[in-house]
Amino acid sequence: MVNLNFKSRLFILFTRLSSFIRRLLLVILLSLVSIFCYPSLSLAQPSSTQPVEIDLFVQGLSVKNPKAFLEQGLKPGTQTNITLKNQPEGKLNIKSVKQIPITISVPQPDGSVRELPDPKENFRMDILITLTGQANVQDKGLYLGKSRLKIGTPAEIEGFNYFTRATVIDVRS
């Protein structure tokens, strides 16, 4: 067994430590070079904004008086707060609101099938809402705030007298 004195032990400790520090500094230097020389690897991407229209589908909204709700609550030309994937994304303008009738298929005596309004659904309605606003354009698509706009994205809209969940069914830029 080798007997090392105090000075040799310190020398070995500092050479190992200095080797570790040299490696650490090399890693830091390489990361800084990669950030400044290759900005495409960075997480920040340049973006521009452009107008976008988003179609939302609200299915089975329970309302006592659907006509009054469409005239007072969801009026075209007003603004609504939108939340995508549980992230508040600001306000968008309501461009149009269209009530879609809830129908059922009724077989006729001659064998044909007719679509008739569902008599059970007096207090429920399906709505197609078109919202307009500005979205960020990036390499991967359109972003509203931090959330990517895609068909099927869950959304929530909120106004003075309503709060409802919807689904994005179309995105136009």
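Residues numbered from 1 in each chain as written. Predicted model: local features only at pLDDT ≥ 70, side-chain atom pairs only at ≥ 80, totals over all residues. Heavy atoms only, no water.

(A) A look at the overall build of the chain. In terms of helices and strands, the chain carries two helices and 10 strands. Taken from the N to the C terminus, the helices and strands of the chain come in the order α-β-α-β-β-β-β-β-β-β-β-β. The burial tally for the chain puts 24% of its 173 residues in the buried class. Considering only contacts within the chain whose residues lie at least 6 apart along the sequence, 68% involve residues at least 24 apart. Carbon and sulfur atoms make up 59% of the accessible area of the chain, which totals about 12600 Å². (Helix = DSSP H or I, 4+ residues; strand = E, 2+ residues; numbered from the N terminus. Buried < 20%, exposed > 50% of the residue type's maximum accessible area, 1.4 Å probe, protein only. Contact = heavy atoms within 4.5 Å. Areas by Shrake-Rupley, 256 points an atom, 1.4 Å probe, with all protein chains shown as cover.)

(B) Layout of the pairing of strand 10 (residues 163-172). Of the strand pairs in this sheet, strand 1 (residues 48-62) and strand 10 are connected by five bridges, and their pairing is antiparallel. Its bridge partner lying in strand 10, E53 is registered against R172. Connecting strand 9 (residues 154-158) to the antiparallel partner strand 10 that follows it, the hairpin turn spans four residues. (Pairing = 2+ DSSP bridges.)

(C) Up close: the side chain of D55. Looking at the element boundaries, D55 is found in strand 1. With a relative accessible area of 9%, D55 lands in the buried category. For D55, the side chain forms a polar contact with the side chain of R172, separated by 2.7 Å. Beyond its immediate sequence surroundings of up to four residues, D55 is in contact with L128, I129, T130, T167, V168, I169, D170 and R172. (Polar contact = N/O pair within 3.5 Å; in protein donor to acceptor, adjacent residues only side chain to side chain.)

(D) Examining a positive patch on the surface more closely. A grouping of K85, K140, R148 and K150 is seen on the molecular surface, where their side chains present a positively charged patch. Residue position: K150 is located in the loop between strand 8 (147-148) and strand 9. (Patch = residues over 30% accessible without salt bridge, like charges linked within 9 Å, V, L, I, M, F, W, Y side chains within 5 Å. Salt bridge = Lys/Arg side-chain N within 4 Å of Asp/Glu carboxyl O. Lys, Arg positive; Asp, Glu negative; His and termini not counted. Charge placed at Lys NZ, Arg CZ, Asp CG, Glu CD.)

(E) Structural view of the nonpolar core. In terms of nonpolar packing, the biggest core is built from 26 residues, with L56, F69, I127 and I129 touching the most fellow members. Setting aside residues up to four positions removed in sequence, I129 forms contacts with I54, D55, L56, V58, L74, I94, S96, V97 and I157. (Core = buried A, V, L, I, M, F, W, Y, C linked by side-chain atoms within 4.5 Å.)

(F) Representation of the side chain of T164 within the structure. Checked against the element boundaries, T164 lands in strand 10. When sequence neighbours within four positions are dropped, the list of residues in contact with T164 reads V58, L61, A155, E156 and I157.

(G) Structural detail: a nonpolar patch on the surface. On the surface, a nonpolar cluster with roughly 820 Å² of combined accessible area is contributed by F20, I21, L24, L25, I28, L32, I35 and F36. Take L32: it is sitting in helix 1 (residues 6-37).

(H) Structural context of the pattern of salt bridges. Taken as a whole and judged by the stated rule, the model has five salt bridges. The shortest N-O distance in the salt bridge between K95 and E53 comes to 2.5 Å. Separated by 42 residues along the polypeptide, K95 in strand 3 (residues 87-100) and E53 in strand 1 bring together distant segments of the chain. According to the relative accessible area criterion, K95 is partly exposed, its value standing at 45%. With a shortest N-O distance of 2.7 Å, D55 and R172 are connected by a salt bridge. Within this pair, whereas D55 is found in strand 1, its partner R172 is found in strand 10, the two being separated by 117 residues in sequence. Taking the relative accessible area as the measure of exposure, R172 reaches 31% and is therefore partly exposed. The network of salt bridges with common partners includes E53, D55, K95, D170 and R172.

(I) View of the environment of Q87. Its place among the elements puts Q87 in strand 3. Using a relative accessible area of 41% as the deciding quantity, one classes Q87 as partly exposed. Residues Q87 and A155, spaced 68 residues apart in sequence, show a C-alpha to C-alpha distance of 9.2 Å. Not counting residues within four places of it along the chain, the set of residues in contact with Q87 comprises I82 and S147.

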